[in-house]
Amino acid sequence: MEGKRAQYGLRVMLVAFALLLACNTMAEAITCNDAVSALIPCGSYLIGQGGADPSPRCCESARALNRMASTVASRRQLCECLKQTGPSFGVKPERVQHLPPFCKIDLSMPVSPDVDCSRVA
């Protein structure tokens, strides 16, 4: 009887741990809408209607978005989102390439419309 109780207790703990991990993973997920909203301060710059350089507010927003993408899965998801939505907003690739170095954002992937998001680390 004691052995069955111990096994049952262990199973309950494992299920609880799995649920906790799942909740933490979901809490870290960045939706595509969140990403696009976070980059609104960069909008005019990215489509070529702003100045030659991103604004301080744009850089702050881009750095915050980069910090939110703290897992490989969230970075890949963010990559796919931006790769798909950028052209529909008229984002200019050369402006996107200028943003990370200017805003001092260290990315672990190349900035290109042809990037393979499945390879993002």
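Scroll up for the structure.
Residues numbered from 1 in each chain as written. Predicted model: local features only at pLDDT ≥ 70, side-chain atom pairs only at ≥ 80, totals over all residues. Heavy atoms only, no water.

Caption draft 1: Representation of the nonpolar core in the model. One finds Ala 35, Cys 42, Leu 65 and Leu 99 to be the most contacted residues of the largest nonpolar core, which totals 16 residues. If you list the elements that add at least two residues to this core, you get helix 3 (43-46), helix 4 (56-68), helix 5 (72-89) and helix 6 (93-103). Residues within four places of Leu 65 in sequence aside, it is in contact with Ile 30, Ala 35, Ala 38, Leu 39 and Leu 78. (Core = buried A, V, L, I, M, F, W, Y, C linked by side-chain atoms within 4.5 Å. Buried < 20%, exposed > 50% of the residue type's maximum accessible area, 1.4 Å probe, protein only. Helix = DSSP H or I, 4+ residues; strand = E, 2+ residues; numbered from the N terminus. Contact = heavy atoms within 4.5 Å.)

Caption draft 2: Quick look at the state of the cysteines. Counted according to the given criterion, the structure contains four disulfides. Two residues, Cys 42 and Cys 58, share a disulfide whose sulfurs are 2.0 Å apart. The disulfide joining Cys 42 to Cys 58 has a torsion of about 105° about its S-S bond and is therefore right-handed. Of this pair, Cys 42 sits in the loop between helix 2 (32-38) and helix 3 while Cys 58 sits in helix 4, placing them 16 residues apart in sequence. (Disulfide = S-S within 2.5 Å.)

Caption draft 3: Region of interest: the packing of helix 4 against helix 6. Interaxial distance between helix 4 and helix 6 falls to 10 Å at its minimum, and their mutual angle equals 90°. The orientation of helix 4 with respect to helix 6, classified from their angle, is roughly perpendicular. Of the residues in helix 6, those in contact with Cys 58, Cys 59, Ala 62 and Arg 63 of helix 4 are Leu 99, Phe 102 and Cys 103. Residue composition of the contact of helix 4 with helix 6, by class: six nonpolar, no polar and one charged. (Axes fitted to C-alpha atoms, helices over the stretch in contact; angles between N-to-C directions. Parallel < 35°, antiparallel > 145°, perpendicular 65-115°, else oblique. Nonpolar A, V, L, I, M, F, W, Y, C, P; charged D, E, K, R; others polar.)

Caption draft 4: Representation of the layout of surface pockets in the model. The calculated volume of the largest pocket comes to roughly 930 Å³. Surrounding the largest pocket, 37 residues form its lining, Leu 39, Leu 82, Lys 83, Val 96 and Val 111 being those nearest its centre. Contributions of two or more residues to the lining of the largest pocket are made by helix 2, helix 3, helix 4, helix 5 and helix 6. Broken down by element, the lining of the largest pocket gets its largest block of residues, nine residues, from helix 5. When the residues that make up the lining of the largest pocket are grouped by side-chain class, the tally is 26 nonpolar, seven polar and four charged. (1 Å grid on protein atoms, 1.4 Å probe; cavity = no way out; pocket = protein on both sides within 12 Å on 5 of 7 lines; lining within 4 Å. Points joined across faces, edges and corners; volume = space filled by probe spheres on them.)

Caption draft 5: Just the environment of Ile 30, in detail. Among the secondary structure elements, Ile 30 is positioned in the loop between helix 1 (2-28) and helix 2. Considering only alpha carbons, one finds Ile 30 and Gln 77, 47 residues apart in sequence, at a separation of 7.6 Å. Apart from residues no more than four positions distant in its own chain, Ile 30 is found in contact with Ala 35, Leu 65, Met 68, Ala 69, Ser 74 and Gln 77.

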